[in-house]
Each structure stands twice: as C-alpha cells, then as structure tokens.
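# A look at the structure
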Amino acid sequence: MTFFLQLVVTGLAQGMVYALIAIGFVIILKCSEVFNIAQGHFVLIGGYLGYTFLVPLGLPVWATLLLSIATAVIMGLLIERLMLRPLVGQPVLAVVMMTIALSTVLGGLATLIWGAEYKAYHGMLPTLNLKLGSISVPSESLIGLIVSIICMVALMLLFRYTKIGLAMRATAEDLQVVQSVGIKPTTVYAVSWVIASVVGVIGGILLGGVSGANMELAGIGLKAFAVVLLGGVNSLGGAILAGIILGMLENVAAGYLDPLLPGGGLSQVFPFIVMIIVLIFRPHGLFGLVTIERV
C-alpha cells in the first residue's frame, strides 16, 4: 500500500506540471480556435534554457526562472507577430500548419544551439523534504507541484481580475462583440501566445530538473494534448483535473505494469491509450461543452 501511495503522490506532482503545460493549449484554443502543435517544443526550449542558465552560466535558481520567463515572453511575442498575425482571417487549417512549421523550427533551433544532446541539471534546484507518514515526496516533484500551483493561481487571478484577462475571456466567447467594444483581438492573441510560451518554458524547466533536458521533452506536448482532450478542450479547470488524473495513472502504470512487460515502456503510451478511450466514449471530455448544430 505504501508503494501505491508513493506512486500516487509522485504522479500528482507530475500531473500538475502536465496540467500547467496543457493550459497553454487551452488558452490558445479558446482565444483563436487553433490547436498549438508547438506547445511541446516550448517545453523543450524551457528544459534547455534551464540547463543553460543553471549549469554553464552558474546563475541562481531565481535568476534562471526570471530570465527564462523573459525569454519566453519575447519568444511568444515574436511568434505571434511574425508568424501568426499575418494569418489572421485565414482558414484555421493554415494556422494549424503554421504551428506545425513552428514546432519544426524550434526543434531545429534546439539542435543547432544545444546539439540535441542530453543535458542534466539534477540537484541544481532547491532541496525540499516532505514526508507524509511513510511516504517521501521527491524534492524535484515537490518543487514542480509548488511552482505549478503558484502559476495556476496567478493565471486564474489574471483571468478573473484584470482587464486583459476579461478581454481574453470575452474574446473566447464572441470575437465580434469584443471588436465592437474596441478591444483589439491582436492584443489578446499576443498575450495568449505569451502565456502559452511562458507556461511551456516553466514546465520544461521543472521536467528537466527531474529527467534532464533532451529532445524527448517535445513529446510532453502530446501528453498535454491528451490532458486537454480528457478535461475538455475549452475548460481550464478540466485541464487541471485531467492533468492530475493522467499523471497519477501514468505513474501507477510505470510502477505496476512496466515490470510485467519485456523492456517496459507501457507508461509512456498510457496517456494516449486514455486519449483514444476518451475520444471514443466521451469526445467532448470531462468538462467540455457539448455543442449541437442545426442544419
């Protein structure tokens, strides 16, 4: 029983990071009705930025986080201004194809700058110890849980109490009404991409602290996609709950199912198995809106 609870607690922390990354998907989708295929590559860049600032440059963690966020903000603004704003008013498929091209560009930049090599920075993050009875929470997982919660609370406050947050919520509901009251959709889109970039980079730093920075971090975006589908593509709360569920299921599968198979690896595809099941039996997810179109 202790082993099971250990897996659940660690999976909870990992699932919160997945949820944080998935929020980037949801925000872009709600504001522009486009799936950001490049979200996983924001995570990839974040992992390598964490390594660069912590190891070669030897900066403290707080400076690493601030510089990484600043880099993510600049990256999000440049992406929206140079690659996506020219496509405003174009078919959704054109924007989706642009995000696919963007993922290729970011992957190529990671290869060019860091050589696509494995970069470890274990032990560079602060050490926090937490024991719940016989259960010990790993330091990296605990930090990931705390940072993810802080970021989610900050985003919820942003959406609820700031003008730009209200503008983003309104844009998600009705673009024409937003334009009629003088809100510029391009500003909302820019902020949306900045947020998606920032949460992706922060998620990459947290995951890199656990497993190191490598090209496989880009695949985390696909797991976040599974989180979005499970929670409902237009629900921020659903993404948080779905991230927790998938993180726990993946960790439990790693502990109990992987040892039963030659070579293991079932836990890596487990989120996608869940995604397929969700698409078959509940396509709108746990908290997604069911829409009915009359023809």
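### Topic: the packing of aromatic side chains
This model, assessed by the stated rule, comprises five aromatic pairs. Between Phe 35 and Phe 225, the aromatic rings sit 5.2 Å apart at their centres with planes inclined by 85°, giving edge-to-face as the arrangement. Here Phe 225 lies in helix α9 (residues 220-231) and Phe 35 lies in the loop between α1 (2-32) and α2 (39-54), a separation of 190 residues in the sequence. In this structure Phe 225 comes out as partly exposed when scored by relative accessible area, which is 24%. With 4.9 Å between their ring centres and 10° between their planes, Tyr 48 and Trp 114 make a pair best called stacked. With Tyr 48 in helix α2 and Trp 114 in helix α4 (residues 92-114), this residue pair connects regions lying 66 residues apart in the sequence. Grouping residues by exposure puts Tyr 48 and Trp 114 together as buried.

### A look at helix α11 (residues 266-281)
For α11, which comprises 16 residues, the first-to-last C-alpha distance of 22 Å matches the rise-based estimate of 22 Å (1.5 Å per residue) to within 8%. All buried positions along α11 are accounted for by Ser 267, Phe 270, Pro 271, Val 274, Met 275 and Val 278. Where α11 is buried, its residues contact α9 and α10 (236-256).

### Considerations on a nonpolar patch on the surface
Among the surface-exposed residues, Met 1, Phe 3, Phe 4, Leu 5, Tyr 256, Leu 257, Leu 260 and Leu 261 lie close enough to one another that they form a single nonpolar patch of about 780 Å² accessible area. Residue contributions to the nonpolar patch peak at three residues, all from α1. One can find Met 1 in the segment before α1.

### A look at the packing of α2 against α4
Viewed as axis vectors pointing N to C, α2 and α4 meet at an angle of 20°, and their least axial separation amounts to 9 Å. In terms of their interaxial angle, α2 and α4 are classed as roughly parallel. The way α2 lies across α4 gives a crossing that is left-handed. Contact residues: α2 offers His 41, Phe 42, Leu 44, Ile 45, Tyr 48, Leu 49 and Thr 52, while α4 offers Leu 102, Ser 103, Leu 106, Gly 107, Ala 110 and Trp 114.

Basis of the calculations
Residues numbered from 1 in each chain as written. Predicted model: local features only at pLDDT ≥ 70, side-chain atom pairs only at ≥ 80, totals over all residues. Heavy atoms only, no water. Phe/Tyr/Trp six-rings, centres within 6.5 Å; stacked < 30°, edge-to-face > 60°. Helix = DSSP H or I, 4+ residues; strand = E, 2+ residues; numbered from the N terminus. Buried < 20%, exposed > 50% of the residue type's maximum accessible area, 1.4 Å probe, protein only. Expected span 1.5 Å × (residues − 1). Contact = heavy atoms within 4.5 Å. Patch = residues over 30% accessible without salt bridge, like charges linked within 9 Å, V, L, I, M, F, W, Y side chains within 5 Å. Areas by Shrake-Rupley, 256 points an atom, 1.4 Å probe, with all protein chains shown as cover. Salt bridge = Lys/Arg side-chain N within 4 Å of Asp/Glu carboxyl O. Axes fitted to C-alpha atoms, helices over the stretch in contact; angles between N-to-C directions. Parallel < 35°, antiparallel > 145°, perpendicular 65-115°, else oblique. Left-handed = near helix turned anticlockwise from the far one by under 90°.

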